[in-house]
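For reference, the chains in residue letters:
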Amino acid sequence: LKLLIGVSGDQDDLLEEELEKLDLKNITEKRSFCAQKDLTNYYSSLNLFLFASESESESLGLVGLEAMACGTFCICSNNSGIATYATDKDNCLMFEKGNIEQLAETIEEAALISDDERKQIVQNGLKTAAKYDRKVISEEFIRFFDTLLN
């Protein structure tokens, strides 16, 4: 088991304390910054991407879409913008924002899921991410503004 944690913010010290307390420091790699060009490599190297955002300002949750676009199996909280594209047991597994017990159950569920079901969820994630492709969104914006102007 290896944990890769993308972290930045005012709770970094708290994370360090928890990793120490849980004896997880030796299996944890933390990244506070990742160059855009390297993101695909990171997402693709993961067996599971956990997006446990509790932020009320999570307008879309781009990192979840990025992970899906890389074919990475995702677990997502049902938080604000994330819930606009993430669907439990369709393109990811979901848990209630802030519910640690349910998160643990969802991680266990992910570990026990069949290969076929896992592949189907990943495929559905790829389809979801494709809807947010730059070209698709640009065309939608153009159609939207054409409708307003005409």
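Residues numbered from 1 in each chain as written. Predicted model: local features only at pLDDT ≥ 70, side-chain atom pairs only at ≥ 80, totals over all residues. Heavy atoms only, no water.

Right, let's get into the packing of helix H3 (residues 62-69) against helix H5 (residues 115-130). Packing of H3 against H5 brings their axes to within 7 Å, and their N-to-C directions diverge by 125°. Compared by their axis directions, H3 and H5 come out oblique. Handedness of the crossing formed by H3 with H5: left-handed. Residue-level inspection shows Leu 65, Met 68 and Ala 69 of H3 in contact with H5, the latter providing Gly 125, Leu 126, Thr 128 and Ala 129. Split by residue class, the contact of H3 with H5 holds five nonpolar, two polar and no charged. (Axes fitted to C-alpha atoms, helices over the stretch in contact; angles between N-to-C directions. Helix = DSSP H or I, 4+ residues; strand = E, 2+ residues; numbered from the N terminus. Parallel < 35°, antiparallel > 145°, perpendicular 65-115°, else oblique. Left-handed = near helix turned anticlockwise from the far one by under 90°. Contact = heavy atoms within 4.5 Å. Nonpolar A, V, L, I, M, F, W, Y, C, P; charged D, E, K, R; others polar.)

Turning next to the packing of aromatic side chains. Going through the model one piece at a time under the given rule, you end up with five aromatic pairs. Here the aromatic rings of Phe 49 and Phe 51 are separated by 6.0 Å at their centres, their planes lie at 45°, and the arrangement is tilted. The pair Phe 49 / Phe 51 is uniform in exposure class, with both members buried. Geometrically, the ring pair formed by Phe 141 and Phe 145 is stacked, given 6.2 Å between the ring centres and 15° between the ring planes. Taken together, the residues span about one helical turn, with Phe 141 and Phe 145 both in helix H6 (residues 134-149) at a distance of four residues. By relative accessible area, Phe 141 is classed as partly exposed at 48%. Residue classification places Phe 145 among the partly exposed residues on the basis of a relative accessible area of 44%. Connected via pairs of aromatic rings, a cluster forms that spans Tyr 43, Phe 49 and Phe 51. (Phe/Tyr/Trp six-rings, centres within 6.5 Å; stacked < 30°, edge-to-face > 60°. Buried < 20%, exposed > 50% of the residue type's maximum accessible area, 1.4 Å probe, protein only.)

In short, the description is geometric, and any link to function would need to be established separately.
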